[in-house]
Structures are given as C-alpha cells and as structure tokens.
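What the coordinates show
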2 protein chains.
Amino acid sequence: MASGLVISVDGMGGDHAPDAVLDGIEIAARKNPGARFLLHGPEGRLSPMLEQRPAAKAASEVRHADKFVAMDVKPSQALRQGKGTSMWNALVAVEEGEAQACVSAGNTGALMAMSMMRLRKMEGVHRPALIASWPTATGFAAVLDVGANVEADASQLVEFAIMGEAFHRAVRGGKRPKVGLLNVGSEDQKGHEEIRAAAKLIRESGVDLEFHGFVEGDDISKGTVDVVVTDGFTGNIALKTAEGTARLVAGFLREALSGGPLARAGALLALPALRKLKDRMDPRTVNGAVFVGLNGIVVKSHGGTDGQGYAAAVEVAIRMARSHYREEVAANLARLTIASAAPQAAAPGIS
Amino acid sequence: MASGLVISVDGMGGDHAPDAVLDGIEIAARKNPGARFLLHGPEGRLSPMLEQRPAAKAASEVRHADKFVAMDVKPSQALRQGKGTSMWNALVAVEEGEAQACVSAGNTGALMAMSMMRLRKMEGVHRPALIASWPTATGFAAVLDVGANVEADASQLVEFAIMGEAFHRAVRGGKRPKVGLLNVGSEDQKGHEEIRAAAKLIRESGVDLEFHGFVEGDDISKGTVDVVVTDGFTGNIALKTAEGTARLVAGFLREALSGGPLARAGALLALPALRKLKDRMDPRTVNGAVFVGLNGIVVKSHGGTDGQGYAAAVEVAIRMARSHYREEVAANLARLTIASAAPQAAAPGIS
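Residues numbered from 1 in each chain as written. Chains lettered and ligands numbered in written order. Predicted model: local features only at pLDDT ≥ 70, side-chain atom pairs only at ≥ 80, totals over all residues. Heavy atoms only, no water.

**Here we look at the pattern of salt bridges**
Residue and element names in this part refer to chain A. Using the following cut-off: Salt bridge, as used here: a side-chain nitrogen of Lys or Arg that lies within 4 Å of a carboxyl oxygen of Asp or Glu. Think of it this way: any DSSP run of H or I at least four residues long counts as a helix, any run of E at least two long counts as a strand, and we number them from the N terminus. The buried label goes to any residue with under 20% of its type's maximum accessible area, the exposed label to any with over 50%, and the partly exposed label to all in between, with areas taken from a 1.4 Å probe on protein chains only.
All told, the structure shown has 34 salt bridges over all chains when counted by the stated rule. Arg63 is paired through a salt bridge with Glu98; the nearest N and O atoms lie 2.7 Å apart. In this pair, Arg63 sits in strand β3 (residues 60-64) while Glu98 sits in the loop between α5 (86-95) and β4 (101-104), placing the two residues 35 residues apart along the sequence. Of the residues examined, Arg63 reaches a relative accessible area of 23% and is grouped as partly exposed.

**As for the relation of the copies chain A and chain B**
Two chain copies here: they are related by a rotation about an axis and a translation along the same axis. Keep this limit in mind: The least-squares superposition of copies is restricted to C-alpha atoms, and to residues with a pLDDT of at least 70 in both copies. Pairs of residues are marked as contacts when any of their non-hydrogen atoms sit within 4.5 Å.
Relative to chain B, chain A is turned by 180 degrees and slid 0.0 Å along the rotation axis, the superposed coordinates differing by an RMSD of 0.1 Å. Expressed as an axis order, the relation between the two copies is that of a two-fold axis. The position closest to the rotation axis in chain A is occupied by the C-alpha of A:Gly266, lying 1.8 Å away. The overlap is high: 98% of the interface residues of chain A also sit at the interface in chain B, so the same surface is used on both sides.

**Description of the sheet that holds strand β6 (residues 140-144) of chain A**
Residue and element names in this part refer to chain A. Operational definition: The rule for pairing is simple: two strands pair if DSSP sees at least two bridges between them. Only C-alpha atoms enter the line fits that serve as axes; for helices the fit covers just the stretch in contact. Angles between N-to-C directions range over 0 to 180 degrees.
The 11 strands lie next to each other as β3-β2-β1-β4-β11-β10-β5-β6-β9-β7-β8, forming an open sheet whose pairing is mixed. Lying at the two open borders of the sheet, with one neighbouring strand each, are β3 and β8 (210-215). Between one strand axis and the next, the sheet turns through 25 degrees on average, direction left out of account. Two strands pair when backbone bridges link them, and β6 and strand β9 (residues 227-229) are joined in this way by 3 bridges, in the parallel orientation. Of the residues in β9, the one forming a bridge with Leu144 is Val229. Against the sheet, helix α2 (residues 43-50) touches β2 (36-41) and β3, its axis set at about 165 degrees to β3.

**Thoughts on the domain arrangement of chain A**
Residue and element names in this part refer to chain A. Here is the rule: Source of the domain bounds: an automatic or database domain assignment. The term buried area denotes the loss of accessible surface (1.4 Å probe radius) that occurs when two parts are joined, taken as the sum for both partners.
Taken as a whole, chain A is organised into domain 1 (1-125 + 293-323) and domain 2 (126-289). When each unit is reduced to the centre of its C-alpha atoms, the spacing between domain 1 and domain 2 is 25 Å. Counting residues at the interface gives 24 residues for domain 1, matched by 15 residues for domain 2. Buried surface at the junction of domain 1 and domain 2, summed over both partners, amounts to about 1500 Å²; 61% is from carbon and sulfur atoms.

**Describing the packing of aromatic side chains**
The cut-off we apply is this: Any two rings among Phe, Tyr and Trp, with Trp reduced to its six-membered ring, count as a pair given centres within 6.5 Å; such a pair is stacked if its planes are under 30 degrees apart, edge-to-face if over 60, and tilted if neither. The rule for a charge over a ring is simple: NZ of Lys or CZ of Arg within 6 Å of the ring centre, and within 35 degrees of the ring normal.
Counting across every chain of the model gives 0 aromatic pairs over all chains. Seen from the ring of A:Phe140, A:Arg172 lies directly overhead, with NZ or CZ sitting 4.1 Å from the centre.

**Regarding helix α10 (residues 232-257) of chain A**
All names here are of chain A. The line we're drawing: A helix is expected to span 1.5 Å for every residue after the first. Any N or O atom pair separated by 3.5 Å or less is treated as a polar contact, with the protein-specific requirement of one donor-capable and one acceptor-capable atom, and with residues adjacent in sequence counted only for side-chain atom pairs.
For α10, with 26 residues, the first-to-last C-alpha span of 37 Å sits near the 38 Å given by 1.5 Å per residue. α10 sits mainly inside the fold: 20 of its 26 residues count as buried. One side-chain oxygen of the residue at the start of α10 lies 3.0 Å from the amide nitrogen of Phe233, identifying that residue as Asp231.

**Focus on unusual backbone geometry**
Negative phi is the rule for most residues except glycine; trans is the rule for most peptide bonds. All names here are of chain A. Omega for the peptide link from Ala17 to Pro18 comes to 0 degrees, which places this bond in the cis form. Mapped onto the secondary structure, Pro18 falls in the loop between β1 (6-10) and α1 (19-31). The omega torsion across Leu144 and Asp145 is 0 degrees, close enough to zero to call that bond cis. Within the secondary structure, Asp145 is located in the loop between β6 and α7 (154-172). With a phi angle near 60 degrees, Arg120 is a residue other than glycine that sits in the positive phi range. Here Arg120 shows up in the loop between α6 (108-119) and β5 (129-135). Arg120 gets classed as exposed once you look at its relative accessible area, which sits at 53%.

**Here we look at the packing of α7(A) against helix α13 (residues 307-322) of chain A**
Residue and element names in this part refer to chain A. Keep this limit in mind: Throughout this description, any angle smaller than 35 degrees is read as roughly parallel, any larger than 145 degrees as roughly antiparallel, any in the 65 to 115 degree range as roughly perpendicular, and the remainder as oblique. Under the scheme applied, nonpolar residues are Ala, Val, Leu, Ile, Met, Phe, Trp, Tyr, Cys and Pro; charged residues are Asp, Glu, Lys and Arg; polar residues are all the others, including Gly.
At a closest axis distance of 8 Å, the pairing of α7 and α13 adopts a crossing angle of 105 degrees. Between α7 and α13, the angle is such that the two are roughly perpendicular. Contacts between α7 and α13 involve Phe167, Ala170 and Val171 on the former and, on the latter, Val316, Arg319 and Met320. Here the residues of the contact of α7 with α13 sort into 5 nonpolar, no polar and 1 charged.

**Some details on the packing of α10(A) against helix α10 (residues 232-257) of chain B**
Heads up, the rule is: For any pair of crossing helices, the crossing counts as left-handed if the nearer helix is rotated counterclockwise from the farther one by less than a right angle, and right-handed if it is rotated clockwise.
At a closest axis distance of 8 Å, the pairing of α10(A) and α10(B) adopts a crossing angle of 40 degrees. For the pair α10(A) and α10(B), the crossing hand works out as right-handed. Contacts between α10(A) and α10(B) involve A:Phe233, A:Thr234, A:Ile237, A:Ala238, A:Thr241, A:Ala242, A:Thr245, A:Ala246, A:Val249 and A:Leu253 from the former and B:Phe233, B:Thr234, B:Ile237, B:Ala238, B:Thr241, B:Ala242, B:Thr245, B:Ala246, B:Val249 and B:Leu253 from the latter. For the contact of α10(A) with α10(B), the class distribution of residues is 14 nonpolar, 6 polar and no charged.

**Details of the interface of chain A and chain B**
Between chain A and chain B, the contact holds 50 residues from the first and 50 residues from the second. For the pairing of chain A and chain B, the buried interface totals around 4500 Å² over both sides, and the portion due to carbon and sulfur atoms is 73%. The largest per-residue losses of area from chain A upon contact with chain B belong to A:Phe233, A:Phe252 and A:Leu269, which jointly make up 14% of the total buried on that side. Close ionic contact of A:Lys240 with B:Glu216 constitutes a salt bridge, the shortest N to O distance being 2.3 Å. At the level of secondary structure, the elements contributing two or more residues to the side of chain A that touches chain B comprise β5, α9 (217-222), α10, α11 (261-269) and α12 (271-280) of chain A. The element contributing the most residues to the side of chain A that touches chain B is α10(A), with 20 residues.

**Regarding the sheet that holds strand β1 (residues 6-10) of chain B**
Residues and elements named next belong to chain B. The strand order β3-β2-β1-β4-β11-β10-β5-β6-β9-β7-β8 describes an open sheet built from 11 strands, whose pairing is mixed. Each of the sheet's edge strands pairs with one partner strand only, and the pair in question is β3 (60-64) and β8 (210-215). Ignoring strand direction, the axes of neighbouring strands in this sheet form an average angle of 25 degrees. With 3 bridges joining them, strand β7 (residues 178-182) and strand β9 (residues 227-229) adopt parallel strand pairing. What sits directly across from Val179, in β9, is Val227. Relative to the sheet, helix α5 (residues 86-95) contacts β1, β2 (36-41), β3, β4 (101-104) and β11 (297-300), its axis offset from that of β1 by approximately 165 degrees.

Following this line, the structure appears as structure tokens:
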C-alpha cells in the first residue's frame, strides 16, 4: 500500500537466525506487497538463502555486516563493542531515515541499550518502555512497561499510558482503547502513592485517553481494558507469571488427556479442536514486543521464535510504521506538559 | 491425634455462611478425630444445623454471638464496631489461649485489622504477611506476601522468607523447602535495591534457610522453589494474574471442546480425564491463605467457597497448630536479629 515503507531487519538476531528471520520476511513480504526490507548481516551467507525465498528476495536489499551481537552479552559490553554489528546497523538505518522501523530477535538488553543510544528518547518522554501484547477473553491487551525500567513515578506512568494507547490503536485498530492502571484494588485509596498520583494526573491533566481507573491482575486476561499500565518490575513479573501459568495448565491438560485409553480416544476425536486451542494460545501470534518512546520504532521479536512468529513481529513494525503513532503520542504528551507546567490550582481556561 | 487441639471458627464469615462453614467442619471433624471446634455465631441458628452434621456436632461447642462482620465493611469501621461479632470472638478465643488457631471466610480487610489488634505482632516481626498456596508442576508453592503490605524493605522480605519457609514445612511436610526471591532476572545485579539487599542479608545473616536466590514470574508455576518471597503489591498482582490466566485458558478449552460434534464427542469420552483436570485446578484444594507473623494462627478461607473448600482451610489451620511453626520462626528471627545487631565487619565468631 503505502509506498516508501521500509523495515530494517537485524538478520543475525535470535536463536534461529538467520533462517527464522528470512522465513519471517518471506511471509511478511507476501502479505505486504508494498513493504521493503533492509536486511543486515553477512552478505555471503544471506544472499544465497534469499534464493529459496522469492518474495523476500524481491523485497529485500542485503546490507553487509560481518559482526553480530551474541545472545548472552551484557548491554554495557554490547554498547562498547556493538558498532558495525547487524543489530547496530539495523538501528542506524532508522536513525538516518532510510527505514521507519527496526526488527530484531536478538539480545533484549543490548537492543534496548543500543536503541537508546542511536535513536534517543522522543521529546517529552522520560523513560522509554517495553510493550507486550497479551491475549484476553475479548482480543488483545497492550501491557507496559514489561521490563525496560524497574521503577516508574506518576508522570512516567502517564507517559506509558499515552504511548500504550497510541500503540493499541496503531496495531489493533480500535478507535478508543480503554486504559487501566494496574493496582491491588479498584478503590481510589488502594496501592502505591505513585499509582494514585498517576490516576489523578490522567484525570486532571486533560490528556486524551479513555481512562477506566484501576484494574487488578485478573482484569488483564478478562480484557477489562485494552491497555494496562504498570512499572517494568510489576509488568515483567505479571507477564512471566501468566506465561508460566498457561504452560502449567497446558501441561495438566496434556497429562489428563493421556491418562487412559478413553481419554486418549477422546483427545483423538477432539484433536482439531485442541489444535485450534493450541493456536489460540500460540505465543507466536502475540510475538513482537515494542520498545516505545524513542525517535523510531523498534520491535523485539522473541529470541526463540520461528518464521511465522518473526512475521508477526514484522507485521507489528509495519502497522506502527503506517500509523500516526508518533504524532498522536507527541500531541498527547504536549497536553501533559502543559498540565504539569500549569499552577497547582489552575484558573479556568488555562488547560 | 493430639489432644487439646482446638480450632476457633467464625461461623458467620463468608458468602455461604453458616452452611459452608458447618459443612466444612463436618468434613474436617471426620478426618481429624482429635480436633475440637469453637463455633462462634447465633446459637439459635447454628445448633439446629449441627443436628444434621453428626461429626461436627460431636466435636463442636457453639459460642453465642449475635453480630457478624458484613462482607463489604471497611477495616476501620470493622475495628470500631466489631466487638462481639463472630469474627472478633473467634480471634479472642485464640488470644486467650482457648484455641490454637482461628478460621474465617469473612471480610479479609476486617479479619487482618482485627487479628492485628487482638493477637498483635509476634516478637521480631515488623510486618505480618498473607501467604497463598500456589499449585505448581511439582506440588505446591507458598507465595508471600500476597496483599497485607504494599511495600517491604530488605529485612521485612527476610522475615517473610523465614515465615514462609516454616509455613511450608508445617503444612506440606517437606524437610528443607527451597526459598526464592521474586525478581525480574536471576542475575545478582537485577531488580530493586531492596531485593538485592534482602538476598545479601539472607546469605550473610546466618538464618537457617535453603536459599535458591532470585526467581522470575514463570518459576512460580514451574515449582523452581517451594517458597516465593515478594512484597504484597507484586504478590497480589502475580496471584490474581495467574488466576485470570488459568480462567482464560479454561475458557478457551471449553470453547474449543464445544466447537463441533467431533469435539463434543471427544470431550464426552475424555470427560473423566477432564474432570480430573478440573479437580487439579480447583481453587478449593488450595483454599486457606494464612495471615502469619502474629501471636496466633489466622487462616482466611475464600469467601465464596463451599464445605469442601472450607474443610481445606480448616486442615491448614490444624496442620499449623500441630507443628512447631512458631518456635521455628522465633529461632530463625533471633538469628536475623543477632546478625542485624552485629557490627558491619563482624569479628569471626560473633555471629
């Protein structure tokens, strides 16, 4: 569709790179005929692999990089030694305006540190955040921060709310996503000081959000709201706890259905239905955490994903690149800045 | 077994009181012939109901109380007006040494506030905490705090570790439960300052714990450790997130298995296996959150549970009452106190 849509790809990031990366581009290129890809990595290795992937080949340009960031390297080390790696170059293409978004399945800490260094924080944003897509009873919720910062004060939480809401609209297409603040109760006096202050700030600052108020842990999966806002410590623990629980229940189900001849026969009959269930819980469909709050879009694919999962992450990058995400975030942040700068008891008309 | 084992029961706490309470005592009394129960509530209502529950009748003594704490009352209000209610009297029986433990399915906030007032904090404990039992791939983990405090500093986290470990041994019978601190990564430099300081304190204070180090959200369900230590904000959100996720997956499964004639036939064949799965995920089997750190045992049953769930909460109270829980906690807290009082660079032999 949109001509000029270019996605910059770290061809060597992830446990199954470059195979999973190239498979992902093949799928994404077929689905998005307008998109082009800058593929960073060793040309001698990538170019022959493109021969077997015609759609990816037609849409991609290989940019040679012979170094890559190891999965177990520390962020500080990656910053010092990262120049010229496929990840670094993929980000620089966004920095220099050649591409609108970057996708990598590489080392998360390194990607965040390099993104911060190369793309820098967007004006008005104090802390970039990591957004995860979370399957719910009614669709998908965006949860942030899931790990970029261990702490967040009230105005940072409001920034997360603004970025998460714009993200949800860009990627899921809803018109007015409902935003909730994660807390231990729904009453106004519950929880940390910062969360109560953030709720007050959202209500009084005039930011343009459909604010639901506080939500609890079980509200995430219920789909009570579309955007769940929390600090990176709580968000990371909630996300991993949910992943662990889903895996536990799936394990219990497998055990139950292999527990005897009747159960096995039943499972066999119900196999197509159980496959559908598996697809619905497939982490690949929600692959693509987005690092928001920078001057450029950075999508982090799960390191262990395959081509289909990688394509989902590329899809997220494409939708964000096609949206007015940044302009909307900037406009809403400006409302917040005006409110914060206004005197405590603002005269009517000031905000 | 142990003669003199007396459990004090709030006969009017919970959504289905007094029926669920009496059904629960009937089941628990049959299983524990040595246990006796003080049943607090309106005599005119409870005594006739005991006629249909012979084991409960033989093991119980009704203590008349004509008031009870409403499920929606605020803790502060419950403290002011709670005197003489069935909940209050149930706690006073523990305070006065008539019973070793109290069980209530009533208002959680009111129960915690009244417990604090009547039973007071155990020597050496700064913050009592709420422990939840969590089903894992290998058994059950104890997770605390799940909501008594929104924050916890390093030494409070260590107190939680000590209390959680003694709880796990008392209720699950394991010899050396492994203890983990909930964090966003397993590396030493990750997470909040307080958590890193707590890990250091456990390692250096000489408390008697099998300390595993940091665990992440998905480790809870995996059963990586037996006791998961965190602050009440994070613990509450993790617990409710897990409940929400389990419910979501169960809902997806139900939908999948009713999605066509083949799936329905398969589900019918596998029905006994699916029932076993349901039992395994049954919240009633893990009913009974324990409020620890007081001069007396207080078990909070889920408000909406039935007789079987109530019996599980009573069972937790009985096991704790029969254990050496308090002495062990006291001994370990003493080690912590000595370590904290010792000079920074302690001379060899001091601790």
